[in-house]
Amino acid sequence: MTVIRTFTHDSVTGVKVGKYNLADNSTVHIFCVGETVIDTGPPNDRKSVARYFEGRSVRQILLTHHHEDHSGNAAFLSRMTGAPVFAHPLGLELLREGFPIRMYQKVFWGSTPAVSPEPLGEAVATPCGHTLVPIHTPGHSPDHVCFLEPDRKWLFTGDLFLAPKVKMFRADEDLTGHLKSLKTILGYDFETLFCAHKGVVENGHGMLEKKLAYYLALIEEVRGMHAAGRTPGEITRALFGKKGLVGYISCNHMSSENLVRQCLSCSV
Ligand SMILES: [Zn+2]
């Protein structure tokens, strides 16, 4: 069942879209700061995106990272509105040349059609007078950025936040990067998070502090169990239970064991 729900928070507007309303990750928030759009939703729900942006003026499209649920309608929206697309330099080739999509990703979100973004600069000025500062926050993906609006203390977090306690990692996520990025971002002054999957999150600084503390405590616990002779599989079952549906459907591309293994291998 397609989800399409509009929202307004302060002067940020937008729409929540997704072909399936199964979990936070199956729907995506597209945020609009005036005529500046942040992320574009999954390609398999292009109809909802088209309906929302019909008759709306868009001047620029910013991507937090290349994943299909964020970049999936960038080419379409750019063609529809004439607006240029911007992404971190590390995502440009992936977006231009394409990147591998697994079957479960194709089913839930679809494949991103090729798009040729321009590299993000030091800061993005919006026509409505805001400044959005891209902050490189790799870990979830190498090209991941957050956008900080320093005057309003808004932080558009893409997939940096998701929840204070995540239970699964993608196979290609890097916990060392996550930890560094959380420490970097916590050096900035912000209050409200605009999370691509959770939506508006108040007490944003506190929530990201919680997430960092959770990772550090989890690393300690996992390493303690491993030192006591337990395998990554045994630790995963003890901390997170049996492998869930997502682990099976994604053939372990998304699983708790990925997170446990990263706790063992990351540098803290
Ligand atoms: Zn992502």
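The chain is annotated in an unreviewed UniProt entry as Glyoxylase, beta-lactamase superfamily II from Desulfoluna spongiiphila.

(A) Geometry of the coordination of the zinc ion. Protein-derived ligands of the zinc ion are His65 (NE2), His67 (ND1), His140 (NE2) and Asp159 (OD), with the metal-ligand distances lying across 2.1 to 2.2 Å. All donors of the zinc ion come from a single chain, and their spacing in sequence reads H-x1-H-x72-H-x18-D. Separated by 94 residues along the polypeptide, histidine 65 in the loop between strand 5 (60-62) and helix 2 (68-71) and aspartate 159 in the loop between strand 11 (154-158) and strand 12 (169-170) bring together distant segments of the chain. Residues histidine 65 and aspartate 159 agree in their burial class; the two are buried.

(B) Inspection of empty space enclosed by the protein at higher detail. The final tally for this structure, using the stated rule, is 1 cavity of 30 Å³ or more. Quantified by volume, the largest cavity comes out at close to 30 Å³. Lining the largest cavity are His29, Phe31, Ile38, Asp39, Thr64, Gly158, Phe194, Cys195 and Ala196. Counting residues per element, the ones that place at least two in the lining of the largest cavity are strand 3 (28-33) and strand 13 (192-195). Its residues assigned to classes, the lining of the largest cavity comprises 5 nonpolar, 3 polar and 1 charged.

(C) Structural view of the pairing of strand 9 (residues 131-136). Bridging between strand 8 (residues 124-125) and strand 9 involves 2 bridges; their strand directions are antiparallel. The partner of valine 124 across the bridge, within strand 9, is leucine 132. Summarising the sheet, strand 9 and strand 10 (residues 145-149) pair through 4 bridges and their orientation is antiparallel. Across the sheet, histidine 136 pairs through a bridge with valine 145, a residue of strand 10.

(D) A look at the layout of surface pockets. A volume near 320 Å³ is recorded for the second largest pocket. Along its surface, the second largest pocket is lined by 17 residues, and Thr236, Lys242, Lys243, Gly244 and Ser256 are the ones closest to its centre. Those elements giving two or more residues to the lining of the second largest pocket turn out to be helix 8 (232-240), helix 9 (245-249), strand 15 (254-255) and helix 10 (256-265). The greatest single-element share of the lining of the second largest pocket, amounting to 4 residues, is contributed by helix 8. Broken down by class, the residue content of the lining of the second largest pocket amounts to 4 nonpolar, 8 polar and 5 charged.

(E) Structural view of the state of the cysteines. For the structure on display, the rule yields 0 disulfides. Distance from the sulfur of cysteine 263, which forms no disulfide, to the nearest cysteine sulfur (cysteine 266) is 6.2 Å. Look at cysteine 263 and you get buried, because its relative accessible area is 0%. For cysteine 266, a relative accessible area of 5% corresponds to the buried category.

About the cut-offs
The written sequence of each chain sets the order in which its residues are numbered from 1. Side-chain atom pairs in this predicted model are given and counted only at pLDDT of 80 or more, local residue features only at pLDDT of at least 70, and totals for whole chains, interfaces and linings cover all residues. Water and hydrogen atoms play no part in the side-chain values, which are based on all heavy atoms of the structure. Each metal's donors comprise the N, O and S atoms found within 2.8 Å of it (within 3.2 Å for Na, K or Ca). Water is not part of the atom list, so some coordination spheres may appear incomplete. What counts as a helix is a DSSP run of H or I of at least four residues, what counts as a strand is a run of E of at least two, and both are numbered from the N terminus. Accessibility here uses a 1.4 Å probe with only protein chains present; expressed as a share of the type maximum, an area under 20% marks a residue as buried, one over 50% as exposed, and anything in between as partly exposed. Using only the protein atoms, space was sampled on a 1 Å grid; points where a 1.4 Å probe fits but cannot get out form cavities, open sets with protein on both sides within 12 Å along at least five of seven lines form pockets, and lining residues are those with an atom within 4 Å of a point. Grid points are joined across faces, edges and corners, and a volume is the space filled by probe spheres set on the points. We call Asp, Glu, Lys and Arg charged. Ala, Val, Leu, Ile, Met, Phe, Trp, Tyr, Cys and Pro are nonpolar, and the rest, Gly among them, are polar. Think of it this way: DSSP has to see at least two bridges between two strands before they count as a pair. Counting rule for disulfides: a pair of cysteine sulfur atoms within 2.5 Å.

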